[in-house]
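Observations on the model geometry
What follows is each chain in one-letter form.
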Amino acid sequence: MIRQAKGKTPRRPAKKPSNNQKDPVGVYCRVRPLGAEDEECCIEVISNTTIQLHAPDGLKANRNGEFKETQYSFKKVFGIKTTQGELFEDVAKPLVEDLIHCKNGLLFTYGVTGSGKTYTMTGSPGQGGLLPRSLDMIFNSISPYQAKRYVFKPDDKNGMEVQNQVDALLDRQKRDSQTTVPKTPTTRRIDPEFADMISQEEACKADGVDEDSSYSVFVSYIEIYNNYIYDLLEETHIDPIKPKPPQSKILREDQNHNMYVAGCTEVEVKSTEEAFEVFWRGQKKRRIANTQLNCESSRSHSVFIIKLAQAPLDADGDNVLQDKNQVNVSQLCLVDLAGSERTSRTRAEGSRLREAGNINQSLMTLRTCIEVLRENQMCGTNKMVPYRDSKVTHLFKNYFDGEGKVRMVVCVNPKADDYEETLLVMRFAEMTQEVEVARPVDRPICGFAAGRRQRNQAFKEELTRRLEERGGPLDGESPTVLNQLLQSFPPLPPCEISGPNDDVTLPRLIEALEKRHKIRQMMIEEYNKTANMLKSVLQEQDSNLLSKENFIQEQRGKLGEKDKTLQNQKNEIDRLEKKSKMLEYKIDILQKTTNIYEEDKRSLQHELESREQRLQREMSDKRRMEARMQGIVTDSKLKWEKECERRVNAKQLEMQNKLWVKDEKLKQLKAIVTEGKTENRQPQRPSREKDKVPAKRSASPSPVPTGPPIRPLHRRSHSAGGERWVDHKPTTNVDLDTVLQPNIPNSIKVNAPNEKALSKCDKYVLTHQELASDGEIQTKLIKGEVFKTRGGGQAVQFTDIETLKQENPLAPSRKRRSSETGPDSESNEGDWTDVQTRCSVAVEMRAGSNLGPGYQHHGYQKRRKP
Ligand code: ADP
Ligand code: MG
């Protein structure tokens, strides 16, 4: 994995890994105690997040109540009793922790002059501010894991390199020889000027420091005054006679687009004291420079930059990994801004007026930038933020554009004089709280196994112990081992020279020493051999370990991949489960709907069936009723027909009787008239041909029609071989043994008249027997003519009745029979003797019909065989 060395300021958003999480700028408020000379207090802390401003009495009167009480809320408010330690705990400690975990931070104090910015940032003796406390916490956390000096070396492009051990050593030697600065003190030896700034009792430490990394701290200290940047740590020869004004620095952008002060001194420091000493040196220089530039310190911004370089140890856990890409640099900027008051408040004259304007210009730009940022973030606009308009904003551009943690301590002096300025400060602070900065992401871990440093240390200890056992340390640090060693050498001869001519002692001594030297050489050789052997064994083990570690790493990678796949699958399963639940739910609903529909269907079918049944029932009822009605109709029709017939017959008889009576009367009248001329002459029957009235003197009224047929019937032609008769003799007739019997030649004899016979003939005669009034049987020959009816049937028109009568001479005769004829005798005859009925039945009946007899026959179609 290739990682870019981090620059002075955080990376740009385009470069940083995707991070959507943002935090608002943390704004804290610190209220300093009222000065001894000030009386009126216009600020009240009403909760640990809110303060209330009261307009001072004078202002209230002047502005006519325009200045009301106003409240301002912050992430936290620190009242006058807040100690430096408490403030550090809340405000700076998280930033230091971030720094150690490779995250950038920016902390600045803002407020009018005299509000306690410098007190908050730097502090005073016995009450160290955020800066010394931050340094102390950093060193407390990383000092066991610090790299040797000059292992990390800043390049001049805001990057950090790792030097090899030899170069680092050479640099260290050079430093030792050049300066009188003592090496990193093992005990704290502190400049009395700032000794009390760093209290050891309140020492705090960051958690989770990576022990397998090496750390180095670098500090820079710059001052921005009048929009110029000055390096406060630059080593310059100050000519006491003709001091040169300090040279300003320029801002540059590194390859990661982070802003940095080009050519700025970065001092590697190894302890809190050393770091604070460097800071103090900068402070002194600042004072001198300010005198040279005729500037008050409250008019300039000071920026103290703490850079922490960290790189993983190599696989042995012995040295820093020689890989620039593995170096991580995080930085914490502690900024003490210039007083925020307006020009009018400064006693500006001449050249100072320009200066004051510029101070305001820097802070104005800061305000504008915050305003635009806020607007962009809140309204989704994309206005250009004018970072470049001032050095301060330009330097910190990446904090707002990129990622990091930004915190601001707003310092306020509750005195009445500051009221109006404090109001402005509050407004700026409120606005700043609404700006959000991307949260820095955790740095990726390096590929080496953890616990390398400890293993290496344990190994070194073990090696020393073994060497001691062998009595081999060469440094002579262990006196017992040295003594043992000395005893193993051949003893030295007496080395006292007896006189100037003693040439025995020295050569003997030389010889003995040479011997010893030889032994020593041999021992060294043996030691080296053993050491080499040990080294190779160790190297082998190391490589074994390394390969195992690699293997473990590989497995870990695989595990990670598997985990990822598992997670993906889990997600997928979750998704599918959700989907299936959804579908189940839908199915449930559909099932319910289906059930409802089915029930509906069932009930409808049921209803349909019942209705059909009812319909069936009603239909059969109707049919039954129809049949019954038909029967009733037929019955009543028949009855009425019969009734009508009976009545007609009765009427006819009545009429005929009347006619007969009249006839008789007429005859009697005639007889009376003609009595004189033809005496004793019996009344004769009138000729049938003459008057066409049947002459019936002694017969009961006969149903002979009174006139010729008036119906327009077609008469059969007589031309074809004379008349042909249908001789109708009912089988019920009694043979009377009479002499005179009609004998009709060429006739068709029938028992009952039939269609066939009638169609062949044109005359018809019925031999009819009936009981006469005197009790004798009387035979009537009822004659008629056969007509073809319009409908194709046959009809008989009765034209004549011949009555044949037998008389018993012994029986008393009745002269007047007419009186005996009446309804009684008629009814006595019975149905079967009724001529008309019989004829009707015989003649007019339609062939094959069940219906009763009738006088007319209509629509008869003679059935012909095909
Ligand atoms: P600034 O830097 O804002 O101009 P200073 O930090 O120089 O203000 O403070 C002005 C004076 O007020 C100093 O003498 C400082 O000791 C004192 N002072 C400021 N804040 C406090 C505080 N919280 N407690 C005690 N004294 C304070
Ligand atoms: Mg100050």
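The rules behind these values
- Residues numbered from 1 in each chain as written.
- Chains lettered and ligands numbered in written order.
- Predicted model: local features only at pLDDT ≥ 70, side-chain atom pairs only at ≥ 80, totals over all residues.
- Heavy atoms only, no water.
- Helix = DSSP H or I, 4+ residues; strand = E, 2+ residues; numbered from the N terminus.
- Buried < 20%, exposed > 50% of the residue type's maximum accessible area, 1.4 Å probe, protein only.
- Contact = heavy atoms within 4.5 Å.
- Phe/Tyr/Trp six-rings, centres within 6.5 Å; stacked < 30°, edge-to-face > 60°.
- Pairing = 2+ DSSP bridges.
- Axes fitted to C-alpha atoms, helices over the stretch in contact; angles between N-to-C directions.
- Near = heavy atom within 4 Å.
- Polar contact = N/O pair within 3.5 Å; in protein donor to acceptor, adjacent residues only side chain to side chain.
- Areas by Shrake-Rupley, 256 points an atom, 1.4 Å probe, with all protein chains shown as cover.
- Nonpolar A, V, L, I, M, F, W, Y, C, P; charged D, E, K, R; others polar.
- Core = buried A, V, L, I, M, F, W, Y, C linked by side-chain atoms within 4.5 Å.
- Expected span 1.5 Å × (residues − 1).
- pLDDT = per-residue confidence, 0-100.

1. Re the overall build of the protein chain
The number of helices and strands found in the protein chain is 18 helices and 27 strands. In the protein chain, which comprises 866 residues, the proportion classed as buried is 38%. Considering only contacts within the protein chain whose residues lie at least 6 apart along the sequence, 72% involve residues at least 24 apart.

2. Description of the environment of Ile224
Within the secondary structure layout, Ile224 lies in strand 12 (residues 213–225). Aside from chain neighbours lying at most four places away, what touches Ile224 is Ile229, Ser300, His301, Val303, Lys391 and Val392.

3. What to know about the packing of aromatic side chains
Applying the stated criterion across every chain yields a total of eleven aromatic pairs. Arranged with centres 6.5 Å apart and planes meeting at 45 degrees, the rings of Tyr228 and Tyr230 form a pair that is tilted. Under the relative-accessibility criterion, Tyr228 is labelled partly exposed at 43%. An aromatic cluster of three or more residues is present, and its members are Tyr221, Phe276, Phe279, Trp280 and Phe304.

4. With respect to unusual backbone geometry
Phi at Tyr150 is positive, roughly 70 degrees, even though this residue is not glycine. Here Tyr150 shows up in the loop between helix 5 (130–142) and strand 10 (152–154).

5. Quick word on the sheet that holds strand 4 (residues 50–53)
If you trace the three strands from one edge of the open sheet to the other, you get 3-4-5, paired in antiparallel fashion. Across the chains shown, the open sheet's two edge strands, defined by having one partner strand only, are strand 3 (43–45) and strand 5 (70–73). Across the sheet, the mean angle separating the axes of adjacent strands is 25 degrees when strand polarity is ignored. Against the sheet, helix 11 (residues 419–432) makes contact with strand 3, strand 4 and strand 5, and its axis sits at roughly 40 degrees relative to strand 5, the strand it touches most.

6. Regarding the site of ligand 1
Near ligand 1 the following residues occur: Arg30, Arg32, Pro33, Val112, Thr113, Gly114, Ser115, Gly116, Lys117, Thr118 and Tyr119. The backbone of Gly114 places a nitrogen or oxygen atom 2.6 Å from an oxygen atom of ligand 1. Taken by itself ligand 1 offers 550 Å² of open surface, and the protein chains cover 67% of this. If one sorts the elements of the shell around ligand 1 by residue count, helix 4 (residues 117–121) sits on top with three residues. Along the lines of polarity and charge, the residues of the shell around ligand 1 split into three nonpolar, five polar and three charged.

7. A few points about the pairing of strand 26 (residues 777–788)
A regular strand places its side chains so that they alternate between the two faces of the sheet. For strand 26, a buried count of ten out of twelve residues is recorded, marking the element as mostly surrounded by other parts of the structure. Bridge count between strand 25 (residues 763–771) and strand 26: nine bridges; the pairing is antiparallel. What sits directly across from Leu771, in strand 26, is Ile777. Of the strand pairs in this sheet, strand 26 and strand 27 (residues 794–805) are connected by eleven bridges, and their pairing is antiparallel. Paired with Lys783 across the strands is Asp800, a residue of strand 27.

8. Considerations on the nonpolar core
Here is a general trend for soluble globular proteins: nonpolar side chains tend to be buried in one another's company. One finds Ile51, Phe74, Leu106, Phe396, Phe400 and Met426 to be the most contacted residues of the largest nonpolar core, which totals 54 residues. Considering each element in turn, this core owes the most residues, seven residues, to helix 11. Beyond its immediate chain neighbours, meaning those up to four positions away, Leu106 contacts Leu95, Leu332, Cys333, Val335, Phe396, Tyr399, Phe400, Lys405, Val406 and Arg407. Residues Tyr215, Leu233, Phe276 and Val278 belong to the second largest nonpolar core, which totals 46 residues.

9. Details of helix 5
Compared with the 18 Å implied by 1.5 Å per residue over 13 residues, the 18 Å span of helix 5 between its first and last C-alpha is a close match. Taken across its 13 residues, helix 5 has 13 buried, putting it largely inside the fold.

10. Examining the confidence of the model for the protein chain
Of the residues in the protein chain, 78% have a pLDDT of 70 or more, and the chain-wide mean is 80. Here residues 1–17 is modelled with pLDDT under 50, and outside its nearest four sequence neighbours on either side it reaches 70 contacts, counting other chains as well.

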